[in-house]
Amino acid sequence: MPTFPVRLLFASAALFSAATAQAAPDPALGKDVLLQSIAFKTVEGEGQVPKLAAYYAAVLKDAGFADADIVITPMGETATLAATIKGSDAALKPLLLIGHMDVVAADRKDWTRDPFVPVEENGYIFGRGAEDNKYDVAMMVTTLAYLKRTGFAPRRTVTLLLSGDEETQMKTTRALAARYKDAELLLNGDGGGGVLGEDGKPVLYLLQAGEKTYADFEIAITDPGGHSSAPTASNPVYRLAKVLDRLAAYQFPPMANELTRASMRAGARRIGGEAGAAMARYAENPQDATAAAYLSSRSEYVGQVRTTCVATMLSGGHALNALPQRATASVNCRIFPGVAIDAVKAELTKVIADDSATVTTLNDPTGSDASPLRADVTAAVTKAVQARYPGLEITPNMSAGATDSLYFRALGVPSYGVSGLFMKSSDGFAHGLNERVPVAGIAGALAQWETMVKTLAR
Ligand SMILES: [Zn+2]
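Residues numbered from 1 in each chain as written. Predicted model: local features only at pLDDT ≥ 70, side-chain atom pairs only at ≥ 80, totals over all residues. Heavy atoms only, no water.

- For the protein, an unreviewed UniProt entry supplies the name M20/M25/M40 family metallo-hydrolase and the organism Sphingobium algorifonticola.

As C-alpha cells, this is what we get:
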C-alpha cells in the first residue's frame, strides 16, 4: 500500500484545479506528484503499479482530461497507462512520450531512510525511483496536466505512455510498442539528461538516440566424465579454459555511427589530452587503428568503439572426485546498434574455435538500430535545454543499456532519451542506495518538457 492515505494523495491535485491561466507548469505540483509517486512501492510483485496509474489518471482528470482520453490496461499485477491530447490534424502521426512506473527493489535495512517514504532534505528528494524514473514521469504528468488546463490544442496528437515493468520483463513495453508503433517519434524521460559539475554548473546535455543491444550467451562443453583417478584429455574444464583464453584475447572490430562520431567530437573538445586527441582522430576516421586501440584500452570508452563480449559467470563439474561432465561460461555482450544478435553468436562460435562447444543465446534478446539524429528533434531539445542553460552543448549519446525505447526503435519509431533531470555524477544513485534528485531543477525540467512537447507537436 502507498504510505500516504489515499485521501491525501489527491488533495494537492484538487488544489490546483481552481487555478486559472498559469504561465508555466507549477513546480510545486511537479514536486508533489514526484513525492506522491515515490510512496507507491512499485517493485515487481507488489501490485502497486495499477494504483500509481490510477493516481496519475486522477491528476490528469483533475486538469481536464476526459475519462476516454486515459486508458489504464492491467497486465497481471502491473499495468500501462496512456493519456492522449488529440491533435487537430489527423494526417500527422502522434508524438509519444514515455516513462516507466515500476522501480528496482530496495531493502529498507540497507537504506538510511525508508526507500518508499519520500523525504525532502537538504535540497534533495530521496526515495527509490526518485531518479529512475519517477522524476521524469512526474514532470511529464505535470506538464501534460498544465497543457490540458491551459487549453493546449496541438496539430499533432500527443500521447503519454507509462510502462509498468521496464526494470524486469518489459512485457508492458512490448505491448505499448505494438499498440502505438504508428507514431512520428518517441521522447523517453528515461535516458539522456544533463550533467552538472561538482560546482553545480552545467557541463553538457546528453541526447540519447541509440542503445547497445544487451545479449547473454552460454558456452557449454560436455563430456561423459568418469573417475578422477583416471584423467582424460577431453576434460571439459580444461577445454573451457582454452576457449575462454581465446575469447579474452579477441576484440570485435571497431565500429562507428553518426551518434558515436558526434559524441566523440564533443568529447574531444571537452576532455582534451590524449583521450580527446584519440577521440578526434577516431571521429574523423574510424579506421584509425591506433586511436581505436587507445580508446579500447580505457574501460569508460571501449563500449563506444566496438561490440564487447565478456565472460561473467562460470560453472563446471559435479564432485570433487569425478571427472567433470559439463563446464559452462556465461558471456554478456553489448552489441553495437544495427549488428544482428545471431551475427555476434556466429562470431563467438568462430572465435572460441572448439567444435565440441555449444553456444546458446539466452533469454530471447531484442536488438534495435540507432535512431537518426533528426534536425527537428535536435532543434527542439536544444531550444528547450538552452532556455534553461544558455549555450549549453547538446551531445548525442549512445548508451550501454536498454530502456523502453528499445522496443519502439525495433518497430521503427525514432526514439530519443531527453530526460529533464540535471545531476552531478556524485548524486547518481539510480538502482542503488539512497537514490535522490535535486529539487532545484524541477521548474527547469517542467519548462524543458513543455517546450519540447509544444515544439514537436505544433
Ligand atoms: Zn529506468
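**Focus: the coordination of the zinc ion**
Line of reasoning, step 1. Within the protein, the atoms that donate to the zinc ion are H100 (NE2), D132 (OD) and D190 (OD), at distances of 1.9 to 2.2 Å.
Line of reasoning, step 2. Mapping the donors of the zinc ion onto the primary sequence yields the spacing H-x31-D-x57-D. One end of the pair, H100, is in strand β3 (residues 95–100); the other, D132, is in the loop between β5 (124–126) and α5 (134–149), and 32 residues separate them in sequence.
Line of reasoning, step 3. H100 gets classed as buried once you look at its relative accessible area, which sits at 0%.
Line of reasoning, step 4. On the basis of relative accessible area, D132 is assigned to the buried category, the value being 10%. (Donors = N, O, S within 2.8 Å, 3.2 Å for Na, K, Ca; no water. Helix = DSSP H or I, 4+ residues; strand = E, 2+ residues; numbered from the N terminus. Buried < 20%, exposed > 50% of the residue type's maximum accessible area, 1.4 Å probe, protein only.)

**So, the packing of helix α13 (residues 375–388) against helix α15 (residues 442–457)**
Line of reasoning, step 1. At their nearest, the axes of α13 and α15 sit 9 Å apart, and the two run at 150 degrees to each other. In terms of their interaxial angle, α13 and α15 are classed as roughly antiparallel. The handedness of the crossing between α13 and α15 is right-handed. Taking contact as the criterion, the partners of D376, V377, A380, V381, K383, A384, V385 and R388 in α13 are, on α15, G444, A445, Q448, T451, M452, T455 and L456.
Line of reasoning, step 2. Of the residues contributing to the contact of α13 with α15, the split by class is eight nonpolar, four polar and three charged. (Axes fitted to C-alpha atoms, helices over the stretch in contact; angles between N-to-C directions. Parallel < 35°, antiparallel > 145°, perpendicular 65-115°, else oblique. Left-handed = near helix turned anticlockwise from the far one by under 90°. Contact = heavy atoms within 4.5 Å. Nonpolar A, V, L, I, M, F, W, Y, C, P; charged D, E, K, R; others polar.)

**Topic: the UniProt feature "domain: Peptidase M20 dimerisation" (unreviewed entry) in the protein**
Line of reasoning, step 1. With numbering aligned to this structure, UniProt lists the feature "domain: Peptidase M20 dimerisation" (unreviewed entry) at residues 210–355.
Line of reasoning, step 2. Along residues 210–355 the backbone is 44% helical and 24% strand, and the end-to-end C-alpha distance reaches 35 Å. (UniProt positions renumbered as here; feature names shortened; annotations may be inferred.)

**Considering α5**
Line of reasoning, step 1. Between the first and last C-alpha of α5 there are 22 Å, a value that for 16 residues agrees with the 22 Å anticipated at 1.5 Å per step.
Line of reasoning, step 2. With 15 of its 16 residues buried, α5 lies for the most part within the structure.
Line of reasoning, step 3. In the stretch just after α5, G151 is the one whose phi turns positive, near 75 degrees. (Expected span 1.5 Å × (residues − 1).)

**Quick notes on the layout of surface pockets**
Line of reasoning, step 1. As a volume, the largest pocket reaches approximately 1400 Å³.
Line of reasoning, step 2. Lining the largest pocket are 45 residues, and of these S399, A400, G401, A402 and T403 lie nearest its centre.
Line of reasoning, step 3. Looking at the lining of the largest pocket, the elements with two or more residues in it are β8 (193–196), β9 (202–211), β10 (213–222), β16 (394–399), α14 (405–410) and β18 (422–424).
Line of reasoning, step 4. When its residues are assigned to classes, the lining of the largest pocket shows 15 nonpolar, 19 polar and eleven charged.
Line of reasoning, step 5. For the lining of the largest pocket, the domains that each give at least three residues are domain 1 (6–191 + 403–457) and domain 2 (213–362).
Line of reasoning, step 6. Counted as a void, the second largest pocket has a volume near 270 Å³.
Line of reasoning, step 7. If you go around the second largest pocket, you meet 16 residues; those closest to its centre are S263, R270, M279, Y301 and Q304.
Line of reasoning, step 8. In the lining of the second largest pocket, the residues fall into nine nonpolar, five polar and two charged. (1 Å grid on protein atoms, 1.4 Å probe; cavity = no way out; pocket = protein on both sides within 12 Å on 5 of 7 lines; lining within 4 Å. Points joined across faces, edges and corners; volume = space filled by probe spheres on them. Domains from an automatic or database assignment.)

**Side note on empty space enclosed by the protein**
Line of reasoning, step 1. For the structure on display, the rule yields two cavities of 30 Å³ or more.
Line of reasoning, step 2. Roughly 30 Å³ of internal volume is contained in the second largest cavity.
Line of reasoning, step 3. Forming the boundary of the second largest cavity are E211, K212, T213, Y214, T366, S368, A402 and L406.
Line of reasoning, step 4. When grouped by side-chain class, the residues that make up the lining of the second largest cavity number three nonpolar, three polar and two charged.

**A word on the sheet that holds strand β12 (residues 308–316)**
Line of reasoning, step 1. One open sheet holds the four strands; their spatial order is β12-β14-β10-β15, and the pairing between them is antiparallel. For this open sheet the edge positions go to β12 and β15 (358–362), each flanked by a neighbour on one side alone. Between one strand axis and the next, the sheet turns through 25 degrees on average, direction left out of account.
Line of reasoning, step 2. With ten bridges connecting them, β10 and strand β14 (residues 326–335) associate as antiparallel partners. By the bridge assignment for β14, A215 is matched with C333.
Line of reasoning, step 3. Here helix α12 (residues 341–352) sits on the sheet and contacts β10, β12, β14 and β15; the angle it forms with β10, its principal contact strand, is near 35 degrees. (Pairing = 2+ DSSP bridges.)

**Comments concerning the sheet that holds strand β4 (residues 119–121)**
Line of reasoning, step 1. Pairing in this open sheet of three strands is antiparallel, and the strands run β4-β5-β19 from one edge to the other. Of all strands in the sheet, those bounded by a partner on one side alone are β4 and β19 (436–438). On average, each strand axis in the sheet is tilted by 25 degrees relative to the strand beside it, whichever way the strands run.
Line of reasoning, step 2. One ladder, built from three bridges, connects β5 with β19; its direction is antiparallel. Each residue of the ladder has a partner; that of F126, found in β19, is R436.

**Describing the pattern of salt bridges**
Line of reasoning, step 1. If you walk through the whole model with that rule in mind, you get 22 salt bridges.
Line of reasoning, step 2. Of the charged contacts, one joins E121 and R113 as a salt bridge, the two residues approaching to 3.0 Å between their closest N and O atoms.
Line of reasoning, step 3. Accessibility expressed as a relative area gives 32% for E121, which makes it partly exposed.
Line of reasoning, step 4. For R113, a relative accessible area of 19% corresponds to the buried category.
Line of reasoning, step 5. For E184, the salt bridge is made with R374, and the minimal N-O distance between the two is 2.8 Å. Placement of E184 in the loop between α6 (171–180) and β7 (185–188) and of R374 in the loop between β15 and α13 is noted, with a sequence separation of 190 residues between them.
Line of reasoning, step 6. With relative accessibility at 17%, the residue R374 sits in the buried group. (Salt bridge = Lys/Arg side-chain N within 4 Å of Asp/Glu carboxyl O.)

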